[in-house]
Amino acid sequence: MGIVGLGYSAFRLSSLFLKEQHIALNIALTAGIFFLLLKFVLFIFKKLESKWDIKYRWELISIFLVFAITGSSSVFIGKPIIKFIGITKDNLPAFAYWILYILIGFIFYQILLVAIGWLFGQYHFFWNFEKKMLKRLGFKKFVE
């Protein structure tokens, strides 16, 4: 799936650079961009593996899946909660509505990150990640 995504991204990027359609030039540029993107992604993977102290590649993949699922789920759960509370664009200024929407989504994101991380077998990683984040936000005394 990742290789297909990189190939599609390389093709789209190559079509941005070429105004006229030359098939051979397009294929060559796509291959070059694909190679560069692949090298970049593998470099980032190596950096994250060492930074996060991960021993196996599957752990990194499961961590990425948890981040992806949690991001989508926090928005999916946040919308009904906002409606249940009675927050709408009609009864609040747009600025206040979006601030509250983001704040509620952020709170549910933190909770879901640990819960979904636990489901994927990465509880310790995400609990430590959460503690670091809460310390940076100023909740140091509640975490220790």
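Before reading on, note that the structure itself is shown above.
Nothing here was measured: the structure is a model prediction, and the numbers come from that model.

Topic: the packing of helix 4 (residues 94-119) against helix 5 (residues 123-136)
Interaxial distance between helix 4 and helix 5 falls to 7 Å at its minimum, and their mutual angle equals 155°. As summarised for this structure, helix 4 and helix 5 are arranged roughly antiparallel, according to the angle between their axes. Our pair here, helix 4 against helix 5, has a crossing hand that is left-handed. Note on element contacts: helix 5 touches helix 4 through Tyr 123, Phe 126, Trp 127, Phe 129, Glu 130 and Met 133, opposite Phe 106, Gln 110, Leu 113, Val 114, Gly 117 and Trp 118. Here the contact of helix 4 with helix 5 is built from residues that sort into nine nonpolar, two polar and one charged.

Focus on the nonpolar core
Core analysis: the biggest nonpolar cluster contains 14 residues, and Trp 52, Leu 60, Ile 63, Phe 67, Leu 113 and Phe 126 have the highest contact counts within it. At the level of secondary structure, the elements contributing two or more residues to this core comprise helix 2 (23-51), helix 3 (57-85), helix 4 and helix 5. Beyond its immediate sequence surroundings of up to four residues, Phe 67 is in contact with Trp 52, Tyr 109, Leu 113, Phe 126 and Phe 129.

Some words on helix 2
End to end, helix 2 covers 41 Å across 29 residues, agreeing with the expected 42 Å (1.5 Å per residue, within 8%). Taken together, the buried positions of helix 2 are Asn 26, Thr 30, Ile 33, Phe 45, Leu 48 and Glu 49. In this structure, the buried residues of helix 2 make contact with helix 1 (2-17) and helix 3. Just downstream of helix 2 lies Asp 53, where phi reads positive at about 55°.

Here's the deal with the layout of surface pockets
Unoccupied space between atoms shows up once a probe the size of one water molecule is rolled over them. Quantified by volume, the largest pocket comes out at close to 220 Å³. Around the largest pocket sit Lys 51, Trp 52, Phe 125, Asn 128, Phe 129, Lys 132, Met 133 and Arg 136, which together line it. Sort the elements by how many residues they give to the lining of the largest pocket and helix 5 lands first, with six residues. Estimates place the volume of the second largest pocket at around 170 Å³. As for the second largest pocket, its lining consists of Met 1, Gly 2, Ile 3, Leu 6, Leu 38, Val 41, Leu 42 and Phe 45. Taken together, the elements giving at least two residues each to the lining of the second largest pocket come down to helix 1 and helix 2.

Cut-offs used in this document
Residues numbered from 1 in each chain as written. Predicted model: local features only at pLDDT ≥ 70, side-chain atom pairs only at ≥ 80, totals over all residues. Heavy atoms only, no water. Axes fitted to C-alpha atoms, helices over the stretch in contact; angles between N-to-C directions. Helix = DSSP H or I, 4+ residues; strand = E, 2+ residues; numbered from the N terminus. Parallel < 35°, antiparallel > 145°, perpendicular 65-115°, else oblique. Left-handed = near helix turned anticlockwise from the far one by under 90°. Contact = heavy atoms within 4.5 Å. Nonpolar A, V, L, I, M, F, W, Y, C, P; charged D, E, K, R; others polar. Core = buried A, V, L, I, M, F, W, Y, C linked by side-chain atoms within 4.5 Å. Buried < 20%, exposed > 50% of the residue type's maximum accessible area, 1.4 Å probe, protein only. Expected span 1.5 Å × (residues − 1). 1 Å grid on protein atoms, 1.4 Å probe; cavity = no way out; pocket = protein on both sides within 12 Å on 5 of 7 lines; lining within 4 Å. Points joined across faces, edges and corners; volume = space filled by probe spheres on them.

It is worth stressing that arrangement in space is one thing and function is another; only the former is reported here.
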